[in-house]
Amino acid sequence: MVQEVSGMKVLLLDAETTPIISIVVTQSQLLAREVYLVDRVDNRSREKMKHLKCIVFVRPSPESIQALVEELRDPSYGDYYLYFSNTVKKSSLERLAEADEYECVREVQEFFADFLAVNSDLFSLGVSAPSQPLFVENSGTWDGRTFARVTEGILSVLLALKKKPLIRYQRTSAIAKKLAAEVAYHIQQEGPLFDLRRTDTPPILLIMDRRNDPLTPLLNQWTYQAMVHELFGITNGRVDMSSVVDVRPELREVVLSPESDTFYKKNMFLNLGDLGANIKAYVDEYQSRHKSTMSVESISDMKRFIEDYPEFRRLAGNVSKHVALVGELSRRVDREGLLEAGELEQSLAVSESHNADLKSLQKLIAESKISDEEKVRLVTLYALRYEKSSANQTVVLVDLLRKAGVSEKKISLVDDLLLYAGADRRMDDLFANQDILARTKNVFKDYIKGKLKAENYPFIEGGSRDKPQDIIVFFIGGTTYAEAREIQRLNSATPGVRIVLGGTTIHNSTRFLTLLVSMSTVRFVYYSNSNNFSSWGFGT
């Protein structure tokens, strides 16, 4: 897009394409491609610079179309190249043509990138509560605006990947079935856009519901990328470290991108222990190169120093960033008692030892260094694990939370989670007394082997018994970096098969619990085994 337009240029974005661009391209990379100004299309106070070309990349939303109409009526630049992140309506194109009285539009294209490309095999639609709720009235009814946005996002992913898939969905989810049907309908309606080269085995789009596995987003994570997201939050590839004590000004906000940061790319899936050894080697490399720059004695030394200086500065900044991040992660693990909490999490997730779990949980609730959020999270895990057990002591634990000074708003999340994703709302056993991600991994592995049961994951239409080579897995309600790590492992271990993972958002425990808060007034609906609806009028 940027490379196709030569010469000095301006890039205009809207609120939704700004993060799409910022997550994949750095400012220096834009400058290298002669983009000297990046601004919002709805900013009408821009200076007129007729000598510059203008690339516009926006979603074809009514708001962005209106902003473009106003821009073309009074153009600030010489030539305009319009790129839309998704399919644009004929009526919108007609409005733009009428507004282009100065005939400054040189090109109009649909550039399918209506999603956040987080990793090479992970995408997000950036749709999360409370600004973009999934449901309205009950958990079987999509919010209309969100439903349209999610449908458009998935279609954009398919067109970007050039895939026309067979579509499967999780049988027990009403919203997954509706989304699958809507995507299939639009693929038929778009006709020529999906007239793609046929493959020997058809690609598959598998639509899943987060409610079938509420456990994974609740767990503390111990790999680099997932841990940073859990403790700081990664938003559009950026990490806010302003709360860190004595942090240097240039490190208040840092960028984590596997495309531009080789250390991050190599270490993002490593656990904290292995990461510590690698960060030490990274620092040693920097120190070694720093010593070599201290010795500049000849013209050739000066030339080498000047040539290497940009790379040296980049290395210095990267070392500082990762040392600060890893240091703060280690400090918070110690300060907040996350190792102790993590041991209990593992026990609750992969084994059934009620008395020991209850005793450990009661002890941690009384610990002052364990945060209120951590205490509530542990109780929600206990409530999920022992929901159907006759020995269930959730009521007692909730009372202990109150005595520990935890607010009623936070305590209510325990009930909210059971209403959202309790045993009666899930398709199968969440706790199989094995690896935390075993059930989700088994779904992926069964699919690769062509063994995924049609009665649990039916096709919208058609079907295939072939082992697929291209699989796109989409989680309504959000995916996690823990699942992304498993996808990366499967892709590495299975030559000839490519799995791409996506979701409405990428959760950490805080974002997942925010989803529950936003749904506290929703009636919960689920499919029973007979495919009939049952519902309860639970409110706050």
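All values derive from a computational prediction rather than experimental measurement.

S.K.: Give me the pattern of salt bridges: which residues, what numbers.
M.R.: Pairs may arise between side chains of opposite charge once their charged atoms sit close together. Tallied over the entire structure, the rule returns 30 salt bridges. Between glutamate 16 and arginine 149 there is a salt bridge, and its shortest N-O distance comes to 3.3 Å. Of this pair, glutamate 16 sits in the loop between strand S1 (9–13) and helix H1 (17–22) while arginine 149 is found in helix H5 (residues 144–161), placing the two residues 133 residues apart along the sequence. Overall, glutamate 16 belongs to the partly exposed group, its relative accessible area being 31%. The shortest N-O distance in the salt bridge between arginine 210 and aspartate 213 comes to 3.2 Å.

S.K.: A description of the sheet that holds strand S11 (residues 204–209) should follow, citing residues and the corresponding values.
M.R.: Taken together, six strands build an open sheet; the order of strands is S6-S7-S17-S15-S11-S10 and the sheet is mixed. Each edge of the open sheet carries a strand with a single partner, namely strand S6 (116–119) and strand S10 (166–169). The average angle at which neighbouring strand axes cross in this sheet is 25°, direction not considered. Most of the contacts of H5 go to strand S15 (residues 470–476), to which it runs at about 165°, and overall it touches strand S7 (122–124), S11, S15 and strand S17 (498–503).

S.K.: Quick rundown of the packing of helix H13 (residues 372–385) against helix H14 (residues 394–403)? Include the residues and the values.
M.R.: Between H13 and H14, the least distance of the axes is 10 Å, while the angle of their chain directions is 175°. Overall, the two elements H13 and H14 adopt an arrangement that is roughly antiparallel. Contact residues: Lys375, Val376, Val379, Tyr382 and Ala383 in H13; Thr394, Leu397 and Leu401 in H14. Of the residues that constitute the contact of H13 with H14, the class distribution is six nonpolar, one polar and one charged.

S.K.: Just give me the short version of the nonpolar core, but keep the residues and values in it.
M.R.: Formed by 69 residues in total, the largest nonpolar core has its most connected members in Leu179, Val183, Ile207, Phe474 and Ile476. Ignoring anything within four residues of it in the chain, the contact list for phenylalanine 474 reads Phe123, Leu125, Val150, Ile154, Leu179, Leu205, Leu206, Ile207, Met208, Gly502, Gly503 and Thr504.

S.K.: Residues and numbers for the pairing of strand S4 (residues 77–84), please.
M.R.: With respect to burial, S4 is a largely interior element, seven of its eight residues being buried. Direction of pairing for strand S3 (residues 49–58) relative to S4: parallel, over a ladder of seven bridges. By the bridge assignment for S4, phenylalanine 57 is matched with tyrosine 83. Note on the crossover from S3 through helix H3 (residues 62–73) to S4: the handedness is right-handed. Sheet analysis places S4 next to strand S5 (residues 105–110), joined by five bridges and oriented parallel. Within S5, the residue paired with tyrosine 80 across the bridge is valine 105. Note that the unit made of S4, helix H4 (residues 90–99) and S5 has a crossover that is right-handed.

S.K.: Lay out the side chain of aspartate 213 with the relevant residues and their values.
M.R.: Here aspartate 213 lies in the loop between S11 and helix H7 (224–231). Looking at aspartate 213, its side chain comes within polar contact range of the side chain of threonine 216, at 2.6 Å.

S.K.: Tell me what's going on with the environment of valine 69, and back it up with residues and numbers.
M.R.: Within the secondary structure, valine 69 is located in helix H3. For valine 69, a relative accessible area of 1% gives the class buried. Residues valine 69 and arginine 95, spaced 26 residues apart in sequence, show a C-alpha to C-alpha distance of 7.1 Å. Those residues in contact with valine 69, other than ones at most four positions away along the chain, are Arg95, Leu96 and Ala99.

S.K.: Lay out a nonpolar patch on the surface in plain terms, naming residues and giving numbers.
M.R.: On the surface, Met8, Leu31 and Tyr36 cluster together into a nonpolar patch covering about 310 Å² of accessible area. Mapping leucine 31 onto the fold places it in helix H2 (residues 27–32).

Procedures and definitions
- Note on numbering: residues in each chain are counted from 1, in written sequence order.
- Local features in this predicted model are restricted to residues whose pLDDT is 70 or higher, and side-chain atom pairs enter the listing and the counts only when it is 80 or higher, whereas totals over whole chains, interfaces and linings include all residues.
- The basis for every side-chain value is the complete set of non-hydrogen atoms in the structure, without hydrogens or water.
- Put simply, a salt bridge is a Lys or Arg side-chain nitrogen that is within 4 Å of an Asp or Glu carboxyl oxygen.
- Numbering of helices and strands runs from the N terminus; a helix is a DSSP stretch of H or I covering at least four residues, while a strand is a stretch of E covering at least two.
- Three labels apply to residues, based on accessible area from a 1.4 Å probe with only protein chains included: buried if under 20% of the type maximum, exposed if over 50%, partly exposed otherwise in between.
- The pairing criterion for strands is at least two bridges between them, as found by DSSP.
- Note on geometry: axes are lines fitted to C-alpha atoms, helical ones only across the stretch in contact, with angles between N-to-C directions running from 0 to 180 degrees.
- By definition, residues are in contact when any of their heavy atoms lie within 4.5 Å.
- Should an angle fall under 35 degrees it is called roughly parallel, over 145 degrees roughly antiparallel, and 65 to 115 degrees roughly perpendicular, with every other angle called oblique.
- Classification used: nonpolar for Ala, Val, Leu, Ile, Met, Phe, Trp, Tyr, Cys and Pro, charged for Asp, Glu, Lys and Arg, polar for all others including Gly.
- Grouping buried Ala, Val, Leu, Ile, Met, Phe, Trp, Tyr and Cys residues that are joined through side-chain atoms within 4.5 Å yields what is termed a nonpolar core.
- When the strands point away from the viewer and the connection leading from the first strand across the helix to the second strand turns clockwise, the crossover is called right-handed.
- Under the rule applied, a polar contact is a pair of N or O atoms within 3.5 Å (in protein, one hydrogen donor and one hydrogen acceptor; residues adjacent in sequence only if both atoms are side-chain atoms).
- Grouping into patches uses exposed residues only, defined as over 30% relative accessible area, and leaves out salt-bridged ones; the cut-off is 9 Å for like charges and 5 Å for nonpolar side chains (Val, Leu, Ile, Met, Phe, Trp, Tyr).
- Computed with a 1.4 Å probe, the accessible areas rest on the Shrake-Rupley method; for each residue, only the protein chains presented here act as cover.

By themselves, these observations are geometric and do not establish any function.
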